[in-house]
Amino acid sequence: MRLIIHNDSAEMSQWVAQYVVDRINKHKAATDQPFVLGLPTGSTPLGTYAELVKHYQNGNMSFQNVVTFNMDEYVGIPQNHPQSYYTFMWENFFSKIDIDPNNANILDGNASDLELECKNYEAKIESYNGIDLFLGGIGSDGHIAFNEPGSSLSSRTRLKTLNNTTVLDNARFFDEDISKVPTMALTVGVGTVLDANEVLLMVNGYSKALALRHIIEEPINHMWTGSALQLHKKAIIVCDEASTHELRVGTVRYFKGIQKLNNQNEFQSS
């Protein structure tokens, strides 16, 4: 696992966006097959989406041969609801790039058969031979997607009941009214995320510091589902200084030292 620490969330977002652009362009140069990208919602990735839009507008890359799969969607609110993840993705990202709408996959929280919806989502991911790069974030309790504490680390896409911490965290998007926050969602599983060729988590702010400590320094634990990334062959966590508040000083120095050496090697080889 790599931990890359930036000064602030803006710098973090720029780095992640550049990484995505480089991966898509490298893939395009090697094959005609689509690049399959897993995507999150929430406040953390907004900066990255804005940076990716800039890259597209500046002609640095195209999304025409990119297929996306979002992590999750609320159950029971209309697709066009201001806080649905469908609306979030189209307002903040998809409408501003050249992606084929048919290639932007988001779970349907109003499907007549939610179990079948989840099964078909997994099958569609498999039809593309899996996800090349899965972007994600974590909740303050360390959950990834909507895999709440206690979720199976081998779980697949399914219906989940959201715990009180998640509902409280998301109330800020629903006028701080807990009664308006959906209590169920469809989500990819931890196992679904781990199947991706690469996983990149974005972590920012003091509120995520304890979760980052559990993911980086503590043993794998289903009560902190993001810690399952320790098992992944190519996992990267990109964070800001504020989120490292709970990490040991030695841990921070170690990863900063590794990153400094990586930067020197990249400079020398360019």
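Everything here concerns the structure above.
The notes below deal with the structure included here. Here, residues in each chain are numbered from 1, in the same order as that chain's written sequence. Since the coordinates come from a predicted model, pLDDT governs what is reported: local features require at least 70, and pairs of side-chain atoms require 80 or more to be given and counted, while whole-chain, interface and lining totals use all residues. Processing note: side-chain calculations cover all non-hydrogen atoms of the structure and skip hydrogens and water entirely.

## Things to note about the sheet that holds strand β4 (residues 72-74)
What holds strands together in a sheet is hydrogen bonding between their backbones, with the strands either parallel or antiparallel.
Line of reasoning, step 1. The pairing criterion is simple: DSSP has to find at least two bridges between the two strands. Working definition: helices are DSSP H or I runs of at least four residues, strands are E runs of at least two. Numbering for both runs from the N terminus. The three strands lie next to each other as β4-β8-β7, forming an open sheet whose pairing is antiparallel. Taken across any chain shown, the strands that pair with only one partner, and hence form the sheet edges, are β4 and β7 (158-161). Neighbouring strand axes in the sheet, compared pairwise and without regard to direction, differ in orientation by 30° on average.
Line of reasoning, step 2. Bridge count between β7 and strand β8 (residues 184-187): four bridges; the pairing is antiparallel. Residue pairing in the sheet places Arg 158 in a bridge with Thr 187 of β8. Axis definition: a line fitted to C-alpha atoms, over the contacting stretch in the case of helices. Angles run 0 to 180 degrees between N-to-C directions.

## Remarks on the environment of Thr 183
Line of reasoning, step 1. Structurally, Thr 183 is set in the loop between α5 (164-170) and β8.
Line of reasoning, step 2. Spatially, the C-alpha atom of Thr 183 lies 7.6 Å from that of Asn 163, the residues being 20 residues apart in sequence.
Line of reasoning, step 3. Those residues in contact with Thr 183 that lie beyond four places of it in its chain are Lys 160, Thr 161 and Leu 162. Throughout, a residue-residue contact means that at least one pair of heavy atoms, one from each residue, lies within 4.5 Å.

## Brief notes about the sheet that holds strand β5 (residues 104-105)
Line of reasoning, step 1. Taken together, seven strands build an open sheet; the order of strands is β1-β10-β9-β6-β2-β3-β5 and the sheet is parallel. Two strands close off the open sheet at either side, each with one partner strand: β1 (2-6) and β5.
Line of reasoning, step 2. Bridge count between strand β6 (residues 133-137) and strand β9 (residues 198-203): five bridges; the pairing is parallel. When the sheet's bridge partners are listed, Leu 133 is paired in β9 with Glu 198.

## Side note on the pairing of strand β10 (residues 235-240)
Line of reasoning, step 1. Three exposure classes are used, based on accessible area relative to the maximum for each residue type with a 1.4 Å probe and protein chains only: buried under 20%, partly exposed in between, and exposed over 50%. Burial within β10 is extensive, with six of its six residues counted as buried.
Line of reasoning, step 2. Across the two faces of β10 the burial is the same, with Ala 235, Ile 237 and Cys 239 and Ile 236, Val 238 and Asp 240 all buried.
Line of reasoning, step 3. When β1 meets β10, the two strands line up parallel, connected through five bridges. Paired with Arg 2 across the strands is Ile 236, a residue of β10.
Line of reasoning, step 4. Across five bridges, the pairing between β9 and β10 is parallel. For Val 203, the partnering residue across the bridge sits in β10 and is Cys 239.
Line of reasoning, step 5. Between the parallel pair β9 and β10, the chain is carried across by helix α7 (residues 209-216), and the sense of this crossover is right-handed. We call a crossover right-handed when, viewed with both strands directed away from the observer, the connection leading from the first strand over the helix to the second proceeds clockwise.

## Concerning the side chain of Thr 68
Line of reasoning, step 1. Along the polypeptide, Thr 68 turns up in strand β3 (residues 66-70).
Line of reasoning, step 2. Take Thr 68: its relative accessible area is 1%, and that puts it in the buried class.
Line of reasoning, step 3. Setting aside residues no more than four positions away along its own chain, Thr 68 makes contact with Leu 37, Leu 39, Phe 94, Ile 99, Asn 103, Ala 104 and Asn 105.

## Overview of the packing of helix α1 (residues 9-30) against helix α2 (residues 46-57)
Line of reasoning, step 1. Remark: α1 packs on α2, axes separated minimally by 8 Å, with the N-to-C direction vectors making an angle of 50°. In this view, α1 runs oblique relative to α2, as classed from their interaxial angle. You can see that α1 and α2 cross each other, and the crossing is right-handed. Note on element contacts: α2 touches α1 through Gly 47, Thr 48, Glu 51, Leu 52 and His 55, opposite Ser 13, Gln 14, Val 16, Ala 17, Gln 18, Val 20 and Val 21.
Line of reasoning, step 2. Asp, Glu, Lys and Arg are counted as charged, while Ala, Val, Leu, Ile, Met, Phe, Trp, Tyr, Cys and Pro are counted as nonpolar; the rest, among them Gly, fall into the polar class. Residue composition of the contact of α1 with α2, grouped by class: five nonpolar, six polar and one charged. Angles below 35 degrees are treated as roughly parallel, those above 145 as roughly antiparallel, those between 65 and 115 as roughly perpendicular, and all remaining angles as oblique. For a crossing to be left-handed, the near helix must be turned anticlockwise from the far one by less than a right angle; the clockwise case is right-handed.

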